[in-house]
Amino acid sequence: MSYIYNKVRNLLRGLSAPAVVAVAAGVMVSCSDKLDEVPDNRTEIDTQEKVALLLTSGYPTAVPAVIGELSGDNLVDNNVILPNANKHDADRMFHDEIYRWGDIRNYNTGDDDTPYQVWEAYYQGIAVANHAIEAMKQMSSDPASDPTLAHSWGEAHVLRAYLHFILVNVFAETYKDETQSSSDWGIPYVTEPERTVNVDYSDPKYRKSVAETYALIEKDLLEGIDLIDDSRYTVPAYHFNRNAANAFAARFYLYKRDYQKCYDYATAALGNNPAASLRKWSNMSANTVNTLLNDYNDEKAPCNYLLLGTYSLLDRMLSACRYAINTGSIEENVPSTLDILYDGGGPNWNGRIPAYQGKLYVWGAGQEFGTWLFKVYEYFEYSDKIAGIGFVHILYQPFTAEETLLCRAEAELYLGKKDAAIQDLEAWTRSKMIDAPLTQANISNWYKGDYTTNIYVSDLHPQDISSEFVKLEGDERKVLDCILHFRRVETMFEGLRWFDIKRYGITVHHAYRDPKAYSVTHDYLKWNDPRRVIQIPTNVINAGYPATDRINGQHSTSSVLTAKPQLAK
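Positions within a chain are numbered from 1, following the residues in the order the chain's sequence is written. Given that this is a predicted model, residues contribute local features only at a pLDDT of at least 70 and side-chain atom pairs are listed and counted only at 80 or more, while totals for whole chains, interfaces and linings are drawn from all residues. The basis for the side-chain values is all heavy atoms of the structure; hydrogens and waters are excluded.

A. Representation of the pairing of strand β9 (residues 389-400) in the model. Residue exposure (1.4 Å probe, protein chains only): buried if accessible area is under 20% of the type maximum, exposed if over 50%, otherwise partly exposed. Numbering goes from the N terminus for both helices and strands, where a helix is a DSSP run of H or I of at least four residues and a strand is a run of E of at least two. For β9, the buried fraction is high: 10 of the 12 residues fall into the buried class. The pairing of strand β4 (residues 304-311) with β9 spans six bridges and is antiparallel. Within β9, the residue paired with N304 across the bridge is T400. As defined by bridge partners, strand β8 (residues 379-384) adjoins β9 across five bridges and the pair is classed as antiparallel. Paired with Y379 across the two strands is H393, which belongs to β9. A pair of strands is considered paired only if DSSP assigns at least 2 bridges between the two.

B. Molecular detail of the packing of aromatic side chains. Here the aromatic set is Phe, Tyr and Trp, taking the six-membered ring for Trp, and pairing holds for ring centres within 6.5 Å; pairs whose planes are under 30 degrees apart are stacked, those over 60 apart are edge-to-face, and all others are tilted. In total, this model carries 35 aromatic pairs according to the counting rule given. Where Y59 meets F240, the ring centres are 6.2 Å apart and the plane angle is 35°; that geometry is what we call tilted. In this pair, Y59 is assigned in the loop between α4 (48-56) and α5 (65-71) and F240 in the loop between α11 (210-224) and α12 (242-256), connecting sequence segments 181 residues apart. Comparing Y59 with F240 shows no difference in burial state: the two are buried.

C. Region of interest: the sheet that holds β8. The sheet built from three strands is open, its strands ordered β4-β9-β8 with antiparallel pairing. Two strands in the sheet have a free side with no partner beyond their single neighbour: β4 and β8. Across the sheet, the mean angle from the axis of one strand to that of its neighbour is 30°, orientation sign disregarded. Residues are treated as being in contact if the distance between any of their heavy atoms lies within 4.5 Å. Orientation is described by lines fitted to C-alpha atoms, with helices fitted over the stretch in contact, and by angles between N-to-C directions that extend from 0 to 180 degrees. Strands in contact with helix α18 (residues 401-414) are β4 and β9; relative to β9, the strand with the most contacts, it is inclined by about 35°.

D. Focus on the confidence of the model for the protein chain. Known as pLDDT, the predictor's confidence for each residue is given on a scale from 0 to 100. Summing up the model confidence of the protein chain, the mean pLDDT is 87 and the portion of residues at 70 or higher is 87%. pLDDT under 50 marks residues 555-564. Its contacts with residues more than four places away, or in other chains, come to 33 contacts.

E. Here's a closer look at the layout of surface pockets. Looking at the largest pocket, its volume works out to about 660 Å³. Residue lining of the largest pocket: 27 residues in total, with P335, Y451, I455, T507 and H509 positioned closest to the centre. Those elements giving two or more residues to the lining of the largest pocket turn out to be α17 (337-343) and β10 (508-512). Here the lining of the largest pocket takes four residues from β10, the largest share from any one element. Think of it as three bins: nonpolar holds Ala, Val, Leu, Ile, Met, Phe, Trp, Tyr, Cys and Pro, charged holds Asp, Glu, Lys and Arg, and polar takes everything else, Gly as well. Across the lining of the largest pocket, the residue classes break down as 13 nonpolar, nine polar and five charged. For each structure, a 1 Å grid was placed over the protein atoms alone; sets of points admitting a 1.4 Å probe that cannot get out are labelled cavities, open sets with protein on both sides within 12 Å along at least five of seven lines are labelled pockets, and lining residues have an atom within 4 Å of a point. Grid points are joined across faces, edges and corners, and a volume is the space filled by probe spheres set on the points.

Here it is, written out as structure tokens:
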């Protein structure tokens, strides 16, 4: 049977969910005998080269960074800090809905950074991986052992695992333990091209529990990880190379709390000398934001395990003057995220993190409206230079050496290797151009007290989430606070802090003020709040997929930017 690649791609671009996306597979392989007559043999996926080409289109062009940042605790509402704060044209009503942890409805299907875009892009990638796997099965009775196909077989399975991993962590409860997560609804885990129209994805065949979803992710991950061969890639950083796959495995097992496997896979990625693979901030030029951006996104840099080209307005949202990293307000009981992420010091440094000096930017509205790190600055692709229109891209880094090092430090702490964890944390600070040593003493001094008196300490509820969560006290708890603080700094703008909030039951406080309103609303998202699960996209619900009950906890192209960034003081 023929696989008509171009038609598959064109159809998939217009679909939005497994309730619709997987239909394309059935249409392509079984609708008409006419499809058996290949009009051009270049469109039939019947060689390893064509499979590899197909897989390049399976990497998502969307990320849940905006969803995660607005849901989490890195951004403040500037209308609280500066009433009637100016707005930029990148502002969207759905930003307000996310920040208030509501159902997200006010967006168009063409808008970037929405739940619809994430759901569509990731299930589109899953459909591509399934087509590649199906094609390889037709080409060989044992693709995993076929020297021409084994690498692509591995890439397809690791990619499929990763795409489901992001979806389950966005649209379902966090992984708790085998028992509890067996009762929490996960997401549809799609492993084959569908051949029927109007598939019922609420059927248990597809819609799995969180525990079942994690088991299937692990199965795909282990099926593929050892087969990946970096020599088969032209530019490894844009694919699941060995380091990226090992880093993914480390994060997966960290979330699952299998700390020994997390440690093993993180070490496989980092090698014997992790410091050598960390980002060399001291070598990065600060001449222009574009120079910095190109240095940061260098595909040859050993710290950049995986790069994704995405459509995103994250940069424009941060310059919109509504939600930003800012100084907070003592009067309104809003802590400074500027201090937590940039300027407030840490256990072995004072003031601004040295690596970020000269690399923080503000827009023309002024520094009081928020600050952002250059790494979110956009690449603009003109579709019509005369009309000044085109597409906004942000190069996203799902896996880096730095984040993997912090995964390992967390695993080491729970494995009883506290000193090794502190060594890894010190390596992270040195990579940020901090020369002072990191010790248990200065960690304990910096993270003393609790979340009510110390903004660097989070309100954690891991034992409430699961009794199987190891309880850390004393010095070990202080080291955990340090790890979570460093992870928050390392992953800002990437949405990963939201996943840490979910898995540790961290309480999040959002204060917001409606335009022209006098009073400020304070809302607290606690460890057991069902609003921690992002609602299934409205388009998918309208197609018949069950919505999530976020009350009771039950589950049933943009204009050209004309403003110029300025260095922050």
